[in-house]
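Survey of secondary and tertiary structure
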Amino acid sequence: MGKTVTSVVSAGLMIAGVIATGGLGTALIVAGIAVQAASAFIFKDKVPGSGYRDQSERKQMLRSASAPETVVVGKTMMSGLLFFVEEEEGEQDENEELYMALAIASHPIHKLGQIYFNDDKIEDLGDNAQYEFHNSRTEADPYLLKHAPSWKEDMIGRGLAWLRVTLTFDQEKFPYGLPNVKCEVWGKHLFDPRTGQTVWGNNGVLVILDYYRHYLKVPDTDIDFDSFKQAADLCDEKVSLPEGGFEPRYTLNGAYDLNESPSSVLEAMHKCINAEPTFTAGKHGIQIGAYYGPAIKTITESQLIGTVTCTPETGLKDATNAVYGTFIDAEQLYTKTDFTPVIVDEWVKEDGLEIRENIDYRFVTSPYQAQRLARQYLRKKKAGRRVQLTMNLDGYAYRPGEVVLLALPSLGISGLEFRIAEWSFHALDGVALTLEEDGAYLYEDVIGKPFERPPFVSLPTGGVASPINLAFVPLAVSDIVQGMLSWQNVASDVRYNTVNILQNGRVIQSIQVPGERVDINGLARGTYRVEVRA
C-alpha cells in the first residue's frame with residue numbers, strides 16, 4: 001500500500017492531519033517478484049482488491065478521512081481529495097466566504113489547466129470563485145493563514161500539488177450547495193534516458209520507466225535502459241490520422257493510486273501501449289508491439305536435442321474475431337466511452353459466429369490509439385502459431401524478444417519468422433524455447449483488415465512426412481549398375497515405402513519396400529531420378 005493521508009499535523013498540508021509512511025515496503029517486495037516473472041504476470045487473473053477508481057469516480061471530489069496517494073501522468077481531467085473546508089470566521093448576513101483545499105496529486109505536476117465547478121468554467125462564476133494553485137510549497141499559504149482560523153503554520157504541503165479555492169456564497173450561483181471541483185491536469189515530469197532530461201511528457205514507455213524507478217524502487221543498475229530507449233522511440237513515431245494530421249503512436253494519460261496492486265498497474269500500462277515487460281540478464285526491460293525483424297539468426301535441425309511441439313492456430317474456444325472496449329475520450333472532457341469496435345468480417349465468417357472480447361484501455365485518450373491497440377491484439381490472438389523446442393547449448397546465444405528464422409525441413413517448416421516468447425536454460429537439459437508467430441504483416445496500421453501470412457508448413461495435402469537422408473551407394477559399376485538405396489522415415493508408423501525410378505520423366509521401375517533400404521539391380525548405364533514416398 002502507498003502512503004496514506006490520515007489526520008492534520010505539523011509539517012504537512014493534510015486533512016486535519018499527517019502523512020504516515022508505512023506498508024510500502026511489503027507491496028514493493030511483492031511487486032518485485034511479479035515483475036521478475038517478466039511477461040508471465042500479464043496473462044494471470046488480477047488478485048482480489050486490484051480494482052481501480054475509474055474516470056467517472058476520479059472526476060468527483062473525494063471526501064474521506066484518509067485516502068491513498070494519487071499519481072498523475074500525461075494529461076487528464078480529475079478532481080481530488082477535499083481535505084480542508086472552513087467557513088469565514090464570525091457571523092455574516094451575506095457574501096459569506098468558504099475556504100476549500102483540494103489535494104490533486106502526491107507529487108509536483110507540470111501545470112493546471114481549465115478548472116470547472118460542476119460543468120461550469122470557473123471564469124463564469126466571476127468574483128464568486130477564486131483559486132490559487134500550489135505546487136510543492138515550502139511554507140504555509142499566507143492567504144489561508146490570514147482568513148481560515150484552523151489553518152496552521154505547519155500545514156504546508158511539501159511535495160504535493162493542491163488547490164486552494166475560495167467561494168463567496170450566492171444562492172443563484174450555487175443552488176445545490178458545495179460544487180464539484182475538477183480540472184485539467186498535466187501530470188508529473190518524466191526522466192528520458194535518451195536525453196538525460198526530466199520534463200513533462202506522456203510517452204508510454206517513459207511512464208512505465210518512471211513507475212519502475214520511483215514506485216517499485218528498481219535501481220538503475222537493474223534496468224535495461226537500451227530497451228527503454230528503443231521502445232520510447234517507437235512510442236514517439238508519428239501515425240497519420242483519418243481526418244489529417246498526426247499523433248504519437250503510443251501515449252499514456254491518466255492517474256493511478258499507490259494502493260493499487262503494482263502488477264495490475266503495470267498490466268494496464270503495458271496493455272495500453274501494446275508492450276510486454278522483459279527480464280533478461282538480471283535487468284528489467286520492455287518490448288513494444290512492433291516488428292523487430294528481419295531475423296538475423298536461424299534455428300536449424302542440427303541445433304535441436306528434443307521433441308518439437310507445434311500449435312498451428314488458436315483453438316476456437318480461445319479465438320477472438322471482434323474487439324469491443326472503452327477508452328477515455330479527451331474530446332469529451334476525458335469521459336470514459338466506447339471506441340469503434342474492430343471486427344474482421346472474414347474471420348467472423350470463418351469461425352461461424354462473432355466471438356467478441358471487451359478491453360478497458362484506462363490510460364488511452366485517443367480513439368485511434370485504442371483502435372490500433374485493439375487491431376494488434378486481435379491479430380496477435382489470431383496468429384496463434386506456437387513452437388516449443390529444446391536447443392543444444394547454441395540456444396544460450398538466443399534471447400527473449402528476438403526474431404528468428406525457423407528452418408526445420410523435416411517438418412516442412414522453412415524460412416518462417418518467430419519471436420522468442422519464453423527462454424529457459426539448464427546446463428544438462430539445454431535451452432528450452434517457446435516461439436510465437438511474428439512478421440511485419442502483424443503490425444500494419446490498417447483497421448479491420450485480415451492479414452496475409454505464409455503457410456506454416458510446406459507439406460502435400462494429407463499423407464505422412466516425406467523420408468529424409470536419401471542416399472545411393474553403388475556396389476558394382478559396369479554396363480549394368482547395381483547398388484543400394486537407403487533413406488530414413490520421419491514418421492514412426494510407416495507401413496511401406498514406394499520407390500519410383502524415373503528416366504527422362506517416365507517411371508521405369510516401381511518397388512514397394514517395407515524397410516528403409518532396397519537393392520537396385522539391372523539398370524543400364526545412364527542418368528536416373530529416384531523418388532521415395534512413405
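Residues numbered from 1 in each chain as written. Predicted model: local features only at pLDDT ≥ 70, side-chain atom pairs only at ≥ 80, totals over all residues. Heavy atoms only, no water.

Another aspect to go through is a nonpolar patch on the surface. Nonpolar side chains collect at one region of the surface, where Leu393, Tyr396 and Phe425 lie side by side and expose about 320 Å² of accessible area between them. Tracing the chain through its elements places Tyr396 in the loop between strand E26 (386-391) and strand E27 (403-408). (Patch = residues over 30% accessible without salt bridge, like charges linked within 9 Å, V, L, I, M, F, W, Y side chains within 5 Å. Areas by Shrake-Rupley, 256 points an atom, 1.4 Å probe, with all protein chains shown as cover. Salt bridge = Lys/Arg side-chain N within 4 Å of Asp/Glu carboxyl O. Helix = DSSP H or I, 4+ residues; strand = E, 2+ residues; numbered from the N terminus.)

Okay, helix H8 (residues 367-382) next. Counted at 1.5 Å a residue, the expected span for H8 with its 16 residues is 22 Å, and the 22 Å between its end C-alpha atoms agrees. Every buried residue of H8 is accounted for by Gln369, Ala370, Gln371, Arg372, Leu373, Ala374, Arg375, Gln376, Leu378, Arg379 and Lys382. For H8, the elements touching its buried residues are strand E15 (238-240), strand E16 (246-248), helix H6 (262-271), strand E22 (322-329), strand E24 (342-343) and helix H7 (345-351). Two or three places before Tyr368, at the start of H8, stands the capping residue Ser366, its side-chain oxygen 3.2 Å from that residue's backbone nitrogen. (Expected span 1.5 Å × (residues − 1). Buried < 20%, exposed > 50% of the residue type's maximum accessible area, 1.4 Å probe, protein only. Contact = heavy atoms within 4.5 Å. Polar contact = N/O pair within 3.5 Å; in protein donor to acceptor, adjacent residues only side chain to side chain.)

Reading across from one edge, E20-E27-E28-E29-E26-E21 is the order of the six strands in this open sheet, with mixed pairing throughout. Strands at the two margins of the open sheet, each flanked by one partner only, are strand E20 (297-300) and strand E21 (309-311). Neighbour to neighbour, the strand axes of the sheet diverge by 35° on average, direction disregarded. Where E21 meets E26, three bridges bridge the pair, whose relative direction is antiparallel. Its bridge partner being in E26, Thr309 is matched across the sheet by Gln388. (Pairing = 2+ DSSP bridges. Axes fitted to C-alpha atoms, helices over the stretch in contact; angles between N-to-C directions.)

Moving on, we come to the environment of Ile468. Mapped onto the elements, Ile468 comes out in strand E30 (residues 468-476). Ile468 sits 19 residues away from Trp487 along the chain, and the two C-alpha atoms are 5.9 Å apart. Once residues lying within four places of it in the same chain are set aside, the contact partners of Ile468 are Ser410, Trp487, Gln488 and Val490.

Every α-helix winds through 3.6 residues per turn, so residues three or four apart in the chain are directed the same way. H6 sits mainly inside the fold: eight of its ten residues count as buried. Within H6, burial applies to Pro262, Ser264, Val265, Leu266, Glu267, Ala268, Met269 and His270.

A pair of packed helices is characterised by two quantities: the angle between their axes and the separation of those axes. Two elements in contact, helix H4 (residues 204-215) and H6, have axes whose closest approach is 10 Å; the angle formed by their N-to-C orientations is 165°. In this view, H4 runs roughly antiparallel relative to H6, as classed from their interaxial angle. Crossing of H4 over H6 shows left-handed handedness. Counting all contacts with H4, which are made through Val207, Ile208, Tyr211 and Tyr212, the residues of H6 involved are Pro262, Val265, Leu266, Met269 and His270. Looking at the contact of H4 with H6 residue by residue, the classes come out as eight nonpolar, one polar and no charged. (Parallel < 35°, antiparallel > 145°, perpendicular 65-115°, else oblique. Left-handed = near helix turned anticlockwise from the far one by under 90°. Nonpolar A, V, L, I, M, F, W, Y, C, P; charged D, E, K, R; others polar.)

With respect to topology, four strands assemble into an open sheet ordered E5-E12-E8-E9, the strand pairing being antiparallel. Only two strands of the sheet have a single neighbouring strand rather than two, namely strand E5 (75-78) and strand E9 (120-121). As paired elements, strand E8 (residues 111-117) and E9 share two bridges and run antiparallel to each other. Residue pairing across strands places Tyr116 opposite Lys121, the latter belonging to E9.

We now examine the nonpolar core. One recurring pattern in soluble globular proteins is that nonpolar side chains are buried together. Counting 48 residues, the largest nonpolar core has Val205, Ile208, Tyr256, Met269, Ile273, Ile288 and Tyr361 as its most contacted members. Listed by contribution, the elements that provide at least two residues to this core are strand E4 (70-73), H4, helix H5 (225-236), H6, strand E19 (283-288), E22 and H8. Counting residues per element, this core draws most heavily on H4, at eight residues. Other than its neighbours up to four places away in sequence, Ile288 contacts Val205, Ala231, Leu234, Cys235, Tyr250, Ile273, Asn274, Ala275 and Arg419. Counting residues in hydrophobic clusters, the runner-up holds 25 residues, among them Met61, Leu82, Ile104 and Leu163. (Core = buried A, V, L, I, M, F, W, Y, C linked by side-chain atoms within 4.5 Å.)

Bringing the pattern of salt bridges into the picture now. All told, the structure shown has 27 salt bridges when counted by the stated rule. The partner of Glu260 in a salt bridge is Arg362, and the shortest N-O contact between them spans 2.9 Å. Residue Glu260 is found in the loop between strand E17 (254-257) and H6, and its partner Arg362 is found in the loop between strand E25 (356-360) and H8; the two are separated by 102 residues along the sequence. The buried category is assigned to Arg362, whose relative accessible area is 9%. Between Glu436 and Arg386 there is a salt bridge; the shortest N-O distance is 2.5 Å. Residue Glu436 is located in strand E29 (residues 430-437), and its partner Arg386 is located in strand E26; the two are separated by 50 residues in the primary sequence. Residue classification places Glu436 among the partly exposed positions, given a relative accessible area of 22%. Members of the salt-bridge network, linked through shared partners, are Arg53, Arg58, Asp257, Glu260 and Arg362.

A word on the side chain of Thr70. Here Thr70 is to be found in strand E4. Judged by its relative accessible area of 9%, Thr70 is buried. A polar contact of 2.8 Å, which involves the side chain of Thr70, links it to the side chain of Asp257. Ignoring any residue separated from it by four or fewer positions in sequence, one finds Thr70 in contact with Arg53, Arg58, Met78, Ile104, Ala105, Ser106, His107, Ala255, Tyr256 and Asp257.

Sheet topology note: the strand E32 (residues 497-503)/strand E33 (residues 506-513) ladder contains seven bridges and is antiparallel. Note on E33: the bridge partner recorded for Asn497 is Val513. Counting the residues that bridge the hairpin from E32 to E33 gives two residues, and of these Asn504 lies at a positive phi of roughly 55°.

Okay, the packing of aromatic side chains next. Across all of its chains, the model carries 13 aromatic pairs by this definition. Plain terms: the ring middles of Tyr215 and Tyr256 are 6.1 Å apart, the flat faces sit at 90° to each other, and that makes the pair edge-to-face. In this pair, Tyr215 sits in helix H4 while Tyr256 sits in strand E17, placing the two residues 41 residues apart along the sequence. Each member of the pair, Tyr215 together with Tyr256, is buried. (Phe/Tyr/Trp six-rings, centres within 6.5 Å; stacked < 30°, edge-to-face > 60°.)

The next thing to look at is the confidence of the model for the protein chain. Looking at the protein chain, the pLDDT average stands at 81 and 85% of residues meet or exceed 70. The weakest mean pLDDT in the protein chain belongs to strand E2 (residues 19-20) at 30; the strongest belongs to strand E13 (residues 189-192) at 96. Note that residues 1-50 has pLDDT below 50 and, in this model, 108 contacts with residues that lie over four places away or in other chains. Below a pLDDT of 50 lies the segment residues 446-451, which in the model reaches 20 contacts outside its immediate sequence neighbourhood of four places, other chains included. (pLDDT = per-residue confidence, 0-100.)

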